[in-house]
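Examination of the molecular architecture
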Amino acid sequence: MGGHTTATRPKAAFCTGHIVRHVVVMAGTGAIGLMAVFIVDLLNLFYISWLGDPALTAAIGFAGVISYVQIAVSIGLSIGIGAITGRLIGAGRMEQAQRVASSFGIFMIGACLVIGIFTAWLAAPLLALLGAKGEAARQATLFLEIVSPGLPLIAAGMGCSGLLRAIGAARISMNVTLMGAMISAMADPLLIVVMGLGLKGAAISTILSRLAVAVAGFRCARRHGLLALPVRTHVITDTRTVGQVAMPAILTNLATPVGGVFVTHAMASFGLAAVAGQATIDRIVPVAFAFVFALTGSVGPIMSQNLGAGKLDRVRATLVASLWLVALCVAITWAVLFLTQDMVVRVFSAQGTAAMLIHLFCNWTIAGYVFIGMLFVANSAFNNLGFPLYSTLFNWGRATLGTIPFVWFGMKFGPAGVQVGQVLGCVLFGSCAVMTAFGVVRRLHPGDRATEQAMPVIPPAQTGEAGMIELDELDHST
């Protein structure tokens, strides 16, 4: 593997400099990258809606619920690999960070391959549980059978992107995921509309997009010295090390799509138009609130590096800055969607119940994302400060106690009641999560949750000096 002399070595870039700048740069570039991941689904829905078939639009909604469960697993794995490598880098243990990333990368790809194959195999019964029937169920099954085996591709891309964010290479991480969006933007109209492949074309476009992200991510991670050949005697131990954060993070991230399963099932009882309206909102939200969603993965390296360096005042400052940015982002997005809601309805060819749900979201229920953002910021603190169980409990609390009773009661008032009920539980759980996060930060003391206590001590596989580079140099490198 002859690239060792040219590969750069990571530095704990977040332990100095202005916290707000780090948060804005990391979350801002992370938002663009995350937007690129989810805009693939939005483009799929956009072109499918052109075909004027409600069954196809509903099929996108049903398949999307299961796809989001898969993506949640990938995000949880990438959070784990980013948090542990970031903590190791903050503690100055560069070679170990490189080796741990490589070991867990193998596990990520293998685990996601198994999940993808089983999802494709069980697609039809899983969709039936959601309430999918007829042509909508058949089309959604076809989509999942094509897309699901490609899950390791997006997992590899997300993992490499998380590693790049962990060393401060925010712009490069962004470019990796932008590559996927570019491929999708070109392939979607060709495959879905011009070639007339419909939902099958959307599935093929998704696979091509994920392949581009995986290849670009691997090349960039290798170029920046973040991957090395795993050491056979350490693979299991390294995997367990990352798993201490990744597994609770997976459980945490699964809560939202699992809650979405109940919401979709409730919407299905009101017909395909209700499912189509919910599907449209579910694809607008990740793009519109990409900055808020990006805080979970992007702010983590800032917290974990400063924890590893014992700079707890900077950990709290990161938490405060993130909350202010969430409030600002939601306010701006609310204003934009409020003013453009009629155009959104026309663009996605929504009518009847679907249009009503989109208007309700743009006018009122969008405000609930302030509290969802608060929950995400708290999750980032829990995952990176050694309390991942807290994020699991709060997310699952919101997905169960904060969703099921409210949605069940809201069903009495039709699909609008379902949407309002879905949002109400976020107020309680988001507020409690943030208060708990501040309590966690107050209880930390220098050294009490340093890297050595948070994970097993593993001797580095190799030694040697390497050059260090600054954050700005990382951001402008190619």
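Residues numbered from 1 in each chain as written. Predicted model: local features only at pLDDT ≥ 70, side-chain atom pairs only at ≥ 80, totals over all residues. Heavy atoms only, no water.

Per an unreviewed UniProt entry, the protein chain is named Polysaccharide biosynthesis C-terminal domain-containing protein, and its organism is Komagataeibacter swingsii. In its Subcellular location (unreviewed entry) section, UniProt records this for the protein chain: "Cell inner membrane". (UniProt positions renumbered as here; feature names shortened; annotations may be inferred.)

**Structural notes on the overall build of the protein chain**
If you tally the helices and strands in the protein chain, you get 19 helices and zero strands. A separation of at least 24 residues holds for 86% of the contacts in the protein chain among residues at least 6 apart in sequence. In the form shown here, the protein chain has an accessible surface area of approximately 18500 Å², with 71% of it arising from carbon and sulfur atoms. (Helix = DSSP H or I, 4+ residues; strand = E, 2+ residues; numbered from the N terminus. Contact = heavy atoms within 4.5 Å. Areas by Shrake-Rupley, 256 points an atom, 1.4 Å probe, with all protein chains shown as cover.)

**Side note on the pattern of salt bridges**
Using the criterion set out here, one finds one salt bridge in the structure. Between Arg 138 and Glu 135 there is a salt bridge, and its shortest N-O distance comes to 3.0 Å. Of this pair, Arg 138 and Glu 135 both sit in helix α5 (residues 134-147), three residues apart, which is roughly one turn of that helix. Glu 135 sits in the partly exposed class, given a relative accessible area of 35%. (Salt bridge = Lys/Arg side-chain N within 4 Å of Asp/Glu carboxyl O. Buried < 20%, exposed > 50% of the residue type's maximum accessible area, 1.4 Å probe, protein only.)

**Observations concerning a nonpolar patch on the surface**
Together, Trp 50, Leu 190, Val 193, Val 194, Met 195 and Leu 197 make up an exposed nonpolar region whose accessible area comes to about 580 Å². Sorting elements by how many residues they give to the nonpolar patch places helix α7 (residues 170-194) first, with three residues. With respect to the helices and strands, Val 194 occurs in helix α7. Look at Val 194 and you get exposed, because its relative accessible area is 65%. (Patch = residues over 30% accessible without salt bridge, like charges linked within 9 Å, V, L, I, M, F, W, Y side chains within 5 Å.)

**A word on the side chain of Arg 398**
Positionally, Arg 398 belongs in helix α15 (residues 388-399). Here Arg 398 sits buried without a salt bridge, and the closest side chain of opposite charge, Asp 282, lies 8.9 Å off (N-O distance). Residues contacting Arg 398, with those up to four places away along its chain left out, are Thr 256, Ile 372, Leu 375, Thr 403, Cys 426 and Phe 429. (Lys, Arg positive; Asp, Glu negative; His and termini not counted.)

**Comments concerning the packing of helix α12 (residues 312-347) against helix α13 (residues 352-363)**
Packing of α12 against α13 leaves a shortest axis separation of 8 Å and a crossing angle of 165°. By the angle between their directions, the pair α12 and α13 is classed as roughly antiparallel. Regarding α12 and α13, the two cross each other, and that crossing is left-handed. Facing α12, whose interface residues are Trp 334, Leu 337, Phe 338, Gln 341, Asp 342, Val 344 and Val 345, α13 presents Ala 355, Ile 358, His 359, Phe 361, Cys 362 and Asn 363. A class-by-class count of the residues in the contact of α12 with α13 yields nine nonpolar, three polar and one charged. (Axes fitted to C-alpha atoms, helices over the stretch in contact; angles between N-to-C directions. Parallel < 35°, antiparallel > 145°, perpendicular 65-115°, else oblique. Left-handed = near helix turned anticlockwise from the far one by under 90°. Nonpolar A, V, L, I, M, F, W, Y, C, P; charged D, E, K, R; others polar.)

**Concerning the environment of Ala 378**
Within the secondary structure, Ala 378 is located in helix α14 (residues 369-384). For Ala 378, a relative accessible area of 0% gives the class buried. Spatially, the C-alpha atoms of Ala 378 and Tyr 390 are 9.1 Å apart, while their sequence positions differ by 12 residues.

**Remarks on α5**
Taking 1.5 Å as the rise per residue, α5 with 14 residues should run 20 Å; its terminal C-alpha atoms sit 20 Å apart, in good agreement. Of the positions making up α5, those classed as buried are Ala 136, Ala 137, Gln 139, Ala 140, Thr 141, Phe 143, Leu 144 and Val 147. (Expected span 1.5 Å × (residues − 1).)

**A closer look at the packing of aromatic side chains**
In this structure the tally under the stated criterion is 10 aromatic pairs. Their ring planes at 70° and their centres at 5.0 Å tell us that Phe 46 and Tyr 47 sit as a pair that is edge-to-face. By relative accessible area, Tyr 47 is classed as buried at 12%. Their ring planes at 85° and their centres at 6.2 Å tell us that Phe 361 and Tyr 369 sit as a pair that is edge-to-face. Sitting above the plane of the Trp 408 ring, Lys 412 keeps its charged end 4.6 Å from the centroid. (Phe/Tyr/Trp six-rings, centres within 6.5 Å; stacked < 30°, edge-to-face > 60°. Lys NZ or Arg CZ within 6 Å of the ring centre and 35° of its normal.)

**A short note on the nonpolar core**
Grouped together as the largest cluster of nonpolar side chains are 93 residues, with contacts concentrated most on Phe 62, Phe 289, Phe 361 and Leu 385. If one sorts the elements of this core by residue count, α12 sits on top with 12 residues. Two domains each provide a minimum of three residues to this core, namely domain 1 (14-231) and domain 2 (248-447). Not counting residues within four places of it along the chain, the set of residues in contact with Phe 289 comprises Val 330, Thr 333, Phe 361, Ile 366 and Tyr 369. (Core = buried A, V, L, I, M, F, W, Y, C linked by side-chain atoms within 4.5 Å. Domains from an automatic or database assignment.)

**Quick look at the environment of Met 108**
Relative to the elements of secondary structure, Met 108 occurs in helix α3 (residues 94-121). Judged by its relative accessible area of 3%, Met 108 falls in the buried class. Among all residues touching Met 108, those that are not within four sequence positions of it are Ser 74, Leu 77, Ser 78, Ile 81, Ala 155 and Gly 159.

**Section: helix α2 (residues 54-90)**
A rise of 1.5 Å per residue sets the reference length of α2, with its 37 residues, at 54 Å; its end C-alpha atoms lie 51 Å apart and thus fit the reference within 8%. Counted residue by residue, α2 has 34 buried out of 37 residues, so it is predominantly covered. The opening residue of α2, the one whose side-chain oxygen lies 3.0 Å from the backbone nitrogen of Ala 55, is Asp 53. Just beyond α2, the residue with positive phi is Gly 92, at close to 80°. (Polar contact = N/O pair within 3.5 Å; in protein donor to acceptor, adjacent residues only side chain to side chain.)

**Observations regarding the packing of α5 against helix α8 (residues 199-223)**
Contact geometry of α5 with α8 gives a least axis separation of 9 Å together with a crossing angle of 20°. Compared by their axis directions, α5 and α8 come out roughly parallel. Here the hand of the crossing between α5 and α8 comes out right-handed. For the pair α5 and α8, the contacting residues are Gln 139, Ala 140, Leu 142, Phe 143, Ile 146 and Val 147 in the first and Leu 199, Lys 200, Ala 202, Ala 203, Ile 204, Thr 206, Ile 207 and Arg 210 in the second. Split by residue class, the contact of α5 with α8 holds 10 nonpolar, two polar and two charged.

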